[in-house]
Amino acid sequence: ETLCSMENNSDALPLSLHAVHVRKLEFGIRHPAFAHALSVLSKCYQGIHRSSEAFECIQWCLDICEAIFSANHANLIPNVLAKGDILHSLGYFEKAAECYRKAKDIHTTNFITGQNDLQLEEIQKKLTHATMATSNKGCSSTLNEQPYQRWKKKDGGDPVIIITDIGRDIDDAIAFMELASLER
């Protein structure tokens, strides 16, 4: 978890996979400790731009947490935010905004005004960003829809060069999606 928080995700990934395996054996697949290991693994995957795997892990984590904790338990907030971040990186801005709204609702249910304000500010910033992205770009309504369609080569096609600085911005994610959509 520490390596992941230091954004050293490639080094954290094998350790996180091991932690998931150990917690699965020690606690079973319905235990909060296993859910936490899935959450960390999700962050590792997200940090190395493997958002599909990150989504599967965070969804499994949330399924466990929602079965164990009450509907508006404060421990859900970081995982709901992580799910929103993953959806946002995949281009599902409306679904990301729904996650951020849920996190905000859980926060306001559990904390009084002035308590844990930094978390609320983070949630509001993410919600605003996702809402703006939704109104500017449009969005897909379900995860099964693909916002970017595969390009078709015509008569052998032309070479395509995509240049990006490979960071964490949405333009980098779009560049990767465009690369993935190209036929070889």
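I will try to describe carefully the structure that is included in this document. All values reported here derive from a predicted model rather than from experimental measurement.

Calculation criteria
- Residue numbers restart at each chain and count upward from 1, following the sequence in its written direction.
- With the structure being a predicted model, the display of local features is reserved for residues of pLDDT at least 70 and the display and counting of side-chain atom pairs for 80 or more, all residues being used for whole-chain, interface and lining totals.
- Only hydrogens and water are removed before side-chain values are computed, so all heavy atoms of the structure are retained for them.
- Secondary structure elements follow DSSP: runs of H or I of four or more residues count as helices, runs of E of two or more count as strands, with numbering from the N terminus.
- In what follows, residue pairs with any heavy atoms lying within 4.5 Å of each other are defined as contacts.
- Any carboxyl oxygen of Asp or Glu that lies within 4 Å of a side-chain nitrogen of Lys or Arg is treated as forming a salt bridge with it.
- Only protein chains enter the calculation, and the probe is 1.4 Å; a residue is then buried if its accessible area is under 20% of its type maximum, exposed if over 50%, and partly exposed in between.
- For a helix, the expected span equals 1.5 Å multiplied by the residue count minus one.

### Side note on the environment of I106
- As for its position among the elements, I106 is in helix α6 (residues 93–110).
- C-alpha of I106 to C-alpha of L76: the two residues are 30 residues apart in sequence and 7.9 Å apart in space.
- What I106 contacts, discounting residues up to four positions off in sequence, is A71, N72, H73, A74, L76 and I77.

### Some details on the pattern of salt bridges
- A complete count under the given rule lists four salt bridges for this structure.
- With its nearest N and O atoms 3.3 Å apart, the salt bridge here joins R50 to E53.
- On the accessibility criterion, R50 (32% relative accessible area) is partly exposed.
- E53 gets classed as partly exposed once you look at its relative accessible area, which sits at 29%.
- Between K102 and E66 there is a salt bridge, with its nearest N and O atoms 2.9 Å apart. Here K102, found in helix α6, pairs with E66, found in helix α4 (residues 51–68); they are 36 residues apart in sequence, far enough to count as distant.
- Each of D85, E122 and K126 takes part in a single network of salt bridges with overlapping partners.

### Things to note about unusual backbone geometry
- A positive phi angle is found at H49, which is not glycine, with a value near 65°.
- Along the chain, H49 turns up in the loop between α3 (32–47) and α4.
- A positive phi angle, near 60°, is found at N116, a position not held by glycine.
- Tracing the chain through its elements places N116 in the loop between α6 and α7 (117–137).
- We classify N116 as partly exposed; its relative accessible area is 34%.

### Comments concerning α3
- For α3, with 16 residues, the first-to-last C-alpha span of 22 Å sits near the 22 Å given by 1.5 Å per residue.
- Across the 16 residues that make up α3, a large majority, twelve, are buried.
- Looking at α3, one finds that the buried residues are A33, F34, A35, A37, L38, S39, V40, L41, S42, C44, Y45 and G47.
- Along its buried surface, α3 packs onto α1 (2–5), α2 (9–27), α4 and α5 (77–89).
- Trailing α3 by a residue or two, H49 shows a phi angle of about 65°, which is positive.

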